[in-house]
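Each chain, written out:
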Amino acid sequence: MANSEFVYQLQSVNKAYNGRCVLHVDSLDIQRGEVFALVGPSGAGKSTLLRLLNFLEPPTSGTVRFLDVEFIPNSSMPLELRRRVTTVFQRPILLNRSVRDNVSYGLRLRGRRNAARLVESTLEQVGLKELASQRARTLSGGEAQRVALARAMVLKPDVLLLDEPTVNLDPYNVGLIEEIVRALNQEQDTTLVLVTHNVFQARRLAQRVALLLEGQIIEVADVVTFFESPHDPRTRAFIRGEMVY
Amino acid sequence: MPGHGGLIIEEIIQGFIQAIQLILAQDPALFEIVTLSLQVSGTALLFSALIGIPLGALLGLSRFTGRRFVVALLYTGMGFPPVVVGLFVYLMLSRSGPLGQLNWPIVPSLFTPAAMVAAQCIISFPLVAGFTMAAVMGVDPQLRQQVQALGATRRQTTLAVLMEARVGVVVSIIAGFGSIISEVGAVMMVGGNIEDKTRMLTTAIVLETSKGNFDLAMALGVILLGLSFATNVAMLYLQGKTFEE
């Protein structure tokens, strides 16, 4: 990785679909090794921003700088850089194969076929070693999300993007997943970008938080400032749960 | 004295017995007909799969101008009457036809197995492509985004989708095979049903029926059904354990 303090630097980024702008970010930096939470109500543009950060879609205008490489309109990121970032989506979409095959899938894409030990230890980390041979689609929601997490973790990405990873999960699985990602950040220095509309989760996990409303970043601050003395009245309203949509 | 119904039942039973006798006697003429039928339909199916699966995947995964028109053509092709395909190939390959007069070594001559392969390929490839397209479109659209987020290239993404749609892809191959192993119109027209050269199971059944040899025709019919059944069972076996779910 380059020596830059930032993994991402966004400048004047716009994303539009069919001429309608759904995201406009004047400026946003994400620091290396931090847990950065993006909070906001549904439809605020959080997932769109994650897709840009995972290079799944280019911006309509502006620049997403990842390390020292610019991701600009009508471009695509080099595969090698694209593979340093991965996403765990809100709905875990698992392949119709065994749990073990799902976890090793990303490694096989990279031509790594002899990584059985790594796969087994990752399964152990997420508490699914006993279910390794089971078909992934027979798992419960919480187990499936842990498989999705293991599938991303095993790749040892520089950046892990988490798109509402615990929504609709029971408290046990929420706690487990939060514990795993916290360890990932602390032990492997993985940069985490967490998208959530759960302010409590953002507070538990993040070091910095941003509020996204109607496609625009309203406020970015460290977690204490964001929750205890926010500058923008809309941030205060969001934290207090006063925003009605 | 048995009535007409009794005679027909007797014919069918006789046909079964004769089919078994022909198989046990390892009749060389029968062996030749069966081998040619499998060679011609197998080769046609191979070409259909090579053209149809990528075409189906392309139509299922991408959106481009004129796609609807191509899909409409494909759906029309799925209902092509074999005899019309036979007539078309006959006219194309005849000496005064646009392809026949080229005298290129790659263009098959009429009344040869290669001409029959060409005709059967035209019959089956729209079925393979159409069913593959439907199967691919049935795969969760977010799967593509998920595998791309895991670092898949475009080719790897297409393969992942095809693997998820494998039940449908196998069904497309079975449908393609079923349409050609049992068709008679096209192979009769471009093959000519020449003994020891282009005689297939279906054309032999037509010939024996016209000669009044109902029991032999029935025996050939039983062998044809048996072959079709065995091939489909083999394909389902190759498909793996998917149907066990």
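This is a predicted model, so every value here is computed, not measured.

Basis of the calculations
- Residues numbered from 1 in each chain as written.
- Chains lettered and ligands numbered in written order.
- Predicted model: local features only at pLDDT ≥ 70, side-chain atom pairs only at ≥ 80, totals over all residues.
- Helix = DSSP H or I, 4+ residues; strand = E, 2+ residues; numbered from the N terminus.
- Rg over C-alpha atoms; globule rule 2.2 N^0.38 Å.
- Contact = placed C-beta atoms within 7 Å.
- Buried ≥ 20, exposed ≤ 12 C-beta atoms within 10 Å, placed from the backbone.
- Pairing = 2+ DSSP bridges.
- Axes fitted to C-alpha atoms, helices over the stretch in contact; angles between N-to-C directions.
- Parallel < 35°, antiparallel > 145°, perpendicular 65-115°, else oblique.
- Left-handed = near helix turned anticlockwise from the far one by under 90°.
- Nonpolar A, V, L, I, M, F, W, Y, C, P; charged D, E, K, R; others polar.
- Expected span 1.5 Å × (residues − 1).
- Arc of directions from axis to C-beta.
- pLDDT = per-residue confidence, 0-100.

*Asks:* Just to check I follow, could you spell out the overall build of chain A for this structure?
*Replies:* Helix and strand counts for chain A come out as nine helices and 10 strands. Relative to its length of 245 residues, chain A is compact, with a C-alpha radius of gyration of 18 Å against a globular reference of 18 Å. In terms of overall dimensions, chain A has a C-alpha envelope of 50 × 40 × 35 Å along the principal axes. Expressed as a percentage of contacts within chain A between residues at least 6 apart in sequence, the contacts between residues at least 24 apart total 66%.

*Asks:* Which parts of the structure should I look at to understand the overall build of chain B?
*Replies:* When you go through chain B residue by residue, the secondary structure sums to 11 helices and zero strands. In chain B, the succession of α and β elements from N to C terminus is α-α-α-α-α-α-α-α-α-α-α. Taken along the three principal axes of its C-alpha coordinates, chain B extends 75 × 50 × 30 Å. For chain B, the proportion of its 245 residues judged to be buried stands at 39%.

*Asks:* Teacher, can you tell me more about the pairing of strand β1 (residues 6–17) of chain A here?
*Replies:* In summary, the side chains of a regular strand alternate between the two faces of the sheet. Residues and elements named next belong to chain A. Relative to strand β2 (residues 20–31), β1 runs antiparallel, the two being bridged by 10 bridges. Its bridge partner being in β2, Gln9 is matched across the sheet by Asp29. Between the antiparallel neighbours β1 and β2 lie two residues, among them Asn18 with a positive phi of about 50°. Where β1 lies against strand β4 (residues 61–66), five bridges are found, and the strand directions are antiparallel. What sits directly across from Asn14, in β4, is Ser61.

*Asks:* I'm lost on the environment of Thr235 of chain A in this one. Help?
*Replies:* Residue and element names in this part refer to chain A. Structurally, Thr235 can be placed in helix α9 (residues 233–239). Judged by local crowding, Thr235 falls into the buried class, with 24 C-beta atoms found within 10 Å. The spatial distance from the C-alpha of Thr235 to the C-alpha of Leu213 is 9.5 Å, given a sequence separation of 22 residues. The contacts of Thr235, once residues within four sequence positions are left out, are Leu211, Ile218, Glu219, Phe226 and Pro230.

*Asks:* Looking at this structure, I do not really get the packing of helix α2 (residues 28–61) of chain B against helix α8 (residues 166–181) of chain B. What am I missing?
*Replies:* Packed helices, taken two at a time, are described by their axes: the angle between them and the distance between them. Residue and element names in this part refer to chain B. Contact geometry for α2 and α8: axes closest at 9 Å, N-to-C directions at 140°. With respect to their mutual orientation, α2 and α8 come out oblique. Here α2 runs over α8; the crossing is right-handed. Here α2 contributes Ser37, Ser41, Ala44, Leu45, Ser48, Ala49, Gly52, Ile53 and Gly56 to the contact with α8, which in turn contributes Val169, Ser172, Ile173, Gly176, Phe177, Ile180 and Ile181. Classifying every residue of the contact of α2 with α8 by side-chain character gives nine nonpolar, seven polar and no charged.

*Asks:* Please explain the pairing of strand β10 (residues 216–222) of chain A as it appears in this structure.
*Replies:* Residue and element names in this part refer to chain A. By the bridge criterion, six bridges tie strand β9 (residues 208–213) to β10 in an arrangement that is antiparallel. Of the residues in β10, the one forming a bridge with Leu212 is Ile217. Here β9 folds back onto β10 in antiparallel fashion, the turn holding two residues, of which Glu214 has a positive phi close to 45°.

*Asks:* Please explain the environment of Leu224 of chain B as it appears in this structure.
*Replies:* Residues and elements named next belong to chain B. With respect to the secondary-structure elements, Leu224 resides in helix α11 (residues 214–238). Measuring from C-alpha to C-alpha, the distance between Leu224 and Gly52 comes to 25 Å, with 172 residues separating the pair along the chain. With residues up to four places along the chain from it excluded, the contact list for Leu224 reads Leu201 and Thr202.

*Asks:* So what exactly am I meant to see when it comes to the interface of chain B and chain A here?
*Replies:* By a frequent convention, interface size equals the accessible area lost on bringing the separate parts together. Of the residues lining the interface, 13 residues belong to chain B; the matching set on chain A comes to 17 residues. Those elements giving two or more residues to the side of chain B that touches chain A turn out to be α6 (142–149) and α7 (154–164) of chain B. Here the side of chain B that touches chain A is composed, by residue class, of four nonpolar, seven polar and two charged.

*Asks:* Quick question: what am I supposed to make of helix α6 (residues 171–188) of chain A here?
*Replies:* Working note: α-helix, 3.6 residues per turn, so residues spaced by three or four point in the same direction. Residue and element names in this part refer to chain A. Under the 1.5 Å per step criterion, the end-to-end length of α6 is 25 Å for 18 residues, consistent within 8% with the ideal 26 Å. Contacts made by the buried residues of α6 are with β3 (35–39), α5 (141–153), β7 (159–163), β8 (191–196) and α7 (199–205). Downstream of α6 by one or two residues, Asp189 has phi in the positive range, about 60°.

*Asks:* It is not clear to me how the packing of α6 of chain B against α7 of chain B should be interpreted in this structure. Could you clarify?
*Replies:* Residue and element names in this part refer to chain B. Where α6 meets α7, the closest approach of the two axes is 9 Å, and the angle between their N-to-C directions is 135°. One element, α6, and the other, α7, form an angle in the oblique class. In this structure, α6 crosses over α7, and the sense of that crossing is right-handed. Residues Leu143, Arg144, Val147 and Gln148 of α6 lie in contact with α7, whose contacting residues are Gln156, Thr157, Ala160, Val161 and Glu164. Classifying every residue of the contact of α6 with α7 by side-chain character gives four nonpolar, three polar and two charged.

*Asks:* So what exactly am I meant to see when it comes to helix α1 (residues 46–53) of chain A here?
*Replies:* Residues and elements named next belong to chain A. Listing the buried residues of α1 in full gives Lys46, Leu49, Leu50, Leu52 and Leu53. For α1, the buried positions fall inside an angular range of 160° around the axis, keeping them on one side. Downstream of α1 by one or two residues, Phe55 has phi in the positive range, about 60°.

*Asks:* Explanation requested: unusual backbone geometry in the structure shown.
*Replies:* Phi is mostly negative for residues that are not glycine, and the peptide bonds are mostly trans. Residues and elements named next belong to chain A. You will see that Leu67, though not glycine, has its phi angle at about 55°, which is positive. The topology assignment puts Leu67 in the loop between β4 and β5 (69–71). Note on Leu67: 18 C-beta atoms within 10 Å, which makes it partly exposed.

*Asks:* Explain the confidence of the model for chain B here, please?
*Replies:* Close reading of the predicted structure is inappropriate where its pLDDT is low. Residues and elements named next belong to chain B. With 95% of its residues at a pLDDT of 70 or more, chain B shows a mean pLDDT of 90. Taking the mean pLDDT of every element in chain B, the minimum, 79, falls on helix α1 (residues 4–24) and the maximum, 96, on helix α5 (residues 113–137). Predicted complex, confidence summary: ipTM 0.89, pTM 0.82.

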